[in-house]
Amino acid sequence: MADEPLVLGIETSCDETGIGIVRGTTLLADAVASSVDEHARFGGVVPEVASRAHLEAMVPTVRRALADAGVTMRDIDAIAVTSGPGLAGALLVGVAAAKGYSVALDKPLYGVNHLASHVCVDQLEHGRLPEPCMALLVSGGHSSLLLVPDITSDVRPLGSTIDDAAGEAFDKVARVLGLGFPGGPVIDRWAREGDRAAIAFPRGLTGPRDAPFDFSFSGLKTSVARWVEARQRAGESVPVADVAASFQEAVVDVLTRKAIRACKENGVEHLMMGGGVSANTRLRALAQERCDAAGIVLRVPRPGLCTDNGAMVAALGAEMVARDRAPSTLSIPADSSMPVTVSQAVS
Amino acid sequence: MLLLAFDTATPAVTVALHDDSRVLAGSTRIDARRQGELLAPGIVDVLRAAGRARAELTDIAVGVGPGPYTGLRVGIVTALALGDALGIPVHGVCTLDALAYAAGRDATVAGPFVAATDARRKEVYWARYDDAHTRVEGPSVDRAGDLAATVTALPAVGAGAALYPDSFADVRGPEHPDAAALAAFAVERLAAGLALLPPEPLYLRRPDAQVPAGYKAVTPVGPPPGA
Ligand SMILES: [Zn+2]
């Protein structure tokens with residue numbers, strides 16, 4: 001509908017400069033400039049490298065998004081930006097740019113939560129989020145189970161990782177196997193050729209007395225490294241595909257088991273998955289299988305919208321506008337540790 | 001011409017509006033940690049104080065450092081966004097040049113001098129000037145204690161000099177650059193048909209990045225299946 005708000009979203013919390021444009025719940029443009037290649041040789045995201053890349057990519061990526069959406073700068077009704085959580089210096093580039101656009105265009109600014117944006121992006125694909133819904137967010141920076149009665153104002157964390165994020169475990173195991181960075185996509189591809197039951201890697205925090213909705217992937221990662229090193233010491237070749245498949249199975253088994261349990265215990269019928277790791281093909285397949293068996297409706301955006309992007313930020317901004325939330329002030333900080341319970345930075 | 005100038009390369013978050021003949025309004029807040037929070041409200045305040053609309057702006061001038069990167073980028077990306085949205089040019093000014101210009105305006109220096117700002121880690125960003133309009137060396141970044149005696153013997157302006165009185169023999173004001181000086185410097189150069197800098201940070205250092213002492217590939221690995 002033409003009278004729905006046209007929102008420009010800016011995302012710079014990690015290594016992707018994402019600019020999205022949405023009208024209401026309709027995606028018009030999703031432009032991303034990634035500095036991942038510059039980080040690859042370091043085996044992880046280098047904050048200063050990411051911040052420099054955001055500054056260079058900002059205006060060209062905004063221009064690309066406007067062209068893709070077929071709109072002009074003057075058509076924009078509101079600016080949304082990730083104000084946290086994320087890398088402090090990287091966030092600050094996006095927040096400052098958003099304020100610049102907001103001041104120049106005299107349009108309201110919405111500083112929104114990155115995690116809530118990962119959930120809200122699903123509205124661009126599957127329409128309005130059911131309320132409440134359960135959200136499983138898994139990426140290189142976060143692994144959380146969230147109960148979401150209202151994405152703009154009421155997000156309740158049920159559990160999260162107590163050590164590594166799921167995506168970090170993928171990166172570290174890929175390094176152990178000599179597969180490069182980032183680990184997620186490459187392990188996914190190797191795992192398709194392997195036997196996921198070949199090696200019984202441990203399932204962290206699944207004992208009867210463990211926190212039911214917290215995650216731990218550090219022990220799993222160590223266990224994979226030990227297994228691989230033992231083969232090397234014995235002079236045996238390492239079955240890369242089987243290790244990848246068995247490791248991946250351990251991760252997605254725990255993630256989906258806990259997500260289904262969270263839905264059942266809270267009487268929630270819709271599970272949303274988001275974050276870069278939810279692009280993983282085995283996670284998507286196993287989640288679908290287990291949701292079908294439990295009578296839960298699974299909602300997962302397409303892989304391109306699961307990774308960090310500007311469209312998700314615009315989507316949450318548009319929802320803030322639709323629900324008449326007051327805009328953020330021009331004084332909002334970039335908050336690297338913004339709690340998931342805060343969907344919007346007000347001042 | 002209506003030129004909006006600002007700089008966030010030092011602890012001074014400073015904004016000014018210049019109409020080609022004089023500074024119409026200015027605002028400076030000193031806070032080394034809150035450039036991102038103070039700059040945009042400062043811009044709105046200065047426009048309001050001058051009674052001018054953002055759509056009337058014809059030029060942006062921004063300090064491009066050198067300066068601590070996180071704060072420096074706030075000013076530059078804000079300038080780029082404003083310039084992009086308003087469709088007006090964005091000019092870069094070396095922050096040390098703005099500081100030197102302010103020293104000349106305030107008449108704290110007459111002949112040759114050095115301008116220095118805090119680069120942290122016992123280092124300063126510095127440049128040497130023959131007079132307030134003429135940079136002859138720098139900008140550079142060095143440990144204050146490693147600077148040549150020919151530099152440190154000169155009158156020195158800026159917080160970078162004030163921090164190291166053992167190195168700099170003759171420390172004077174001003175302590176920080178201000179956007180009024182930056183604006184006047186930019187207007188003067190534009191009027192004379194002289195070039196300003198591109199709106200890109202003067203980092204002077206490569207990014208700090210350690211290659212982790214990572215794992216060796218455990219096995220000769222070809223491309224992933226299906227890649
Ligand atoms: Zn993310």
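Each residue is numbered by its place in its chain's sequence as written, counting from 1. Chain labels run from A onward and ligand labels from 1 onward, assigned in the order the entries are written. Only residues with pLDDT of at least 70 get local features here, since the model is predicted, and only at 80 or more are side-chain atom pairs given and counted; chain-wide, interface and lining totals rely on the full set of residues. The basis for the side-chain values is all heavy atoms of the structure; hydrogens and waters are excluded.

Note the threshold: UniProt positions are given in the numbering used here, feature names are shortened, and annotations may be inferred rather than shown by experiment.
If you look chain A up in an unreviewed UniProt entry, it shows as tRNA N6-adenosine threonylcarbamoyltransferase from Embleya hyalina. Under the UniProt heading Catalytic activity (unreviewed entry), the entry covering chain A gives this text: "L-threonylcarbamoyladenylate + adenosine(37) in tRNA = N(6)-L-threonylcarbamoyladenosine(37) in tRNA + AMP + H(+)". Turning to chain A, the UniProt record has this under Subcellular location (unreviewed entry): "Cytoplasm".

Here's the deal with the domain arrangement of chain A
Residues and elements named next belong to chain A. Stated formally: Per the annotation, domain bounds derive from an automatic or database assignment of domains. Contact between two residues is taken to exist if any of their heavy atoms lie within 4.5 Å; hydrogens are not considered. Buried area counts how much accessible surface, traced with a 1.4 Å probe, disappears from two parts once they are put together, with both parts' losses summed. Within this document, salt bridges are pairs made up of a side-chain nitrogen of Lys or Arg and a carboxyl oxygen of Asp or Glu, the two lying within 4 Å of each other. Side-chain atoms alone can form a polar contact between residues adjacent in sequence; in general such a contact is a pair of N or O atoms within 3.5 Å, and within protein one must be able to donate a hydrogen while the other accepts it. Here a strand is any run of E in DSSP of at least two residues, a helix any run of H or I of at least four, and the numbering for each starts at the N terminus. Following the grouping adopted for this structure description, the nonpolar residues are Ala, Val, Leu, Ile, Met, Phe, Trp, Tyr, Cys and Pro, the charged ones are Asp, Glu, Lys and Arg, and the polar ones are all others, Gly among them.
Per the domain assignment, the segments of chain A are domain 1 (6–121 + 309–345) and domain 2 (130–300). Summarising the inter-unit geometry, the C-alpha centres of domain 1 and domain 2 are found 27 Å apart. The interface of domain 1 with domain 2 comprises 20 residues on the first partner and 17 residues on the second. Buried surface at the junction of domain 1 and domain 2, summed over both partners, amounts to about 1600 Å²; 69% is from carbon and sulfur atoms. Inspection of the region where domain 1 meets domain 2 yields three salt bridges. Across the contact surface, domain 1 and domain 2 share five residue pairs in polar contact (both at pLDDT 80 or more). The element contributing the most residues to the side of domain 1 that touches domain 2 is helix H4 (residues 114–120), with six residues. A breakdown of the residues in the side of domain 1 that touches domain 2 according to their chemical character gives 10 nonpolar, seven polar and three charged.

A closer look at helix H1 (residues 35–50) of chain B
The line we're drawing: The span expected for a helix works out to 1.5 Å for each residue beyond the first. Each residue is placed in one exposure class: buried if its accessible area under a 1.4 Å probe, protein chains only, is under 20% of its type's maximum, exposed if it is over 50%, and partly exposed if it falls in between.
For H1(B), which comprises 16 residues, the first-to-last C-alpha distance of 22 Å matches the rise-based estimate of 22 Å (1.5 Å per residue) to within 8%. Counting buried positions along H1(B) gives 12 out of 16 residues, so the element sits mostly inside the fold. For H1(B), the set of buried residues is B:Gln35, B:Gly36, B:Glu37, B:Leu38, B:Leu39, B:Ala40, B:Pro41, B:Gly42, B:Ile43, B:Val44, B:Val46 and B:Leu47. In this structure, the buried side of H1(B) is in contact with helix H3 (88–105) of chain A together with strand E1 (3–7), strand E2 (12–18), strand E3 (23–30) and helix H2 (69–86) of chain B.

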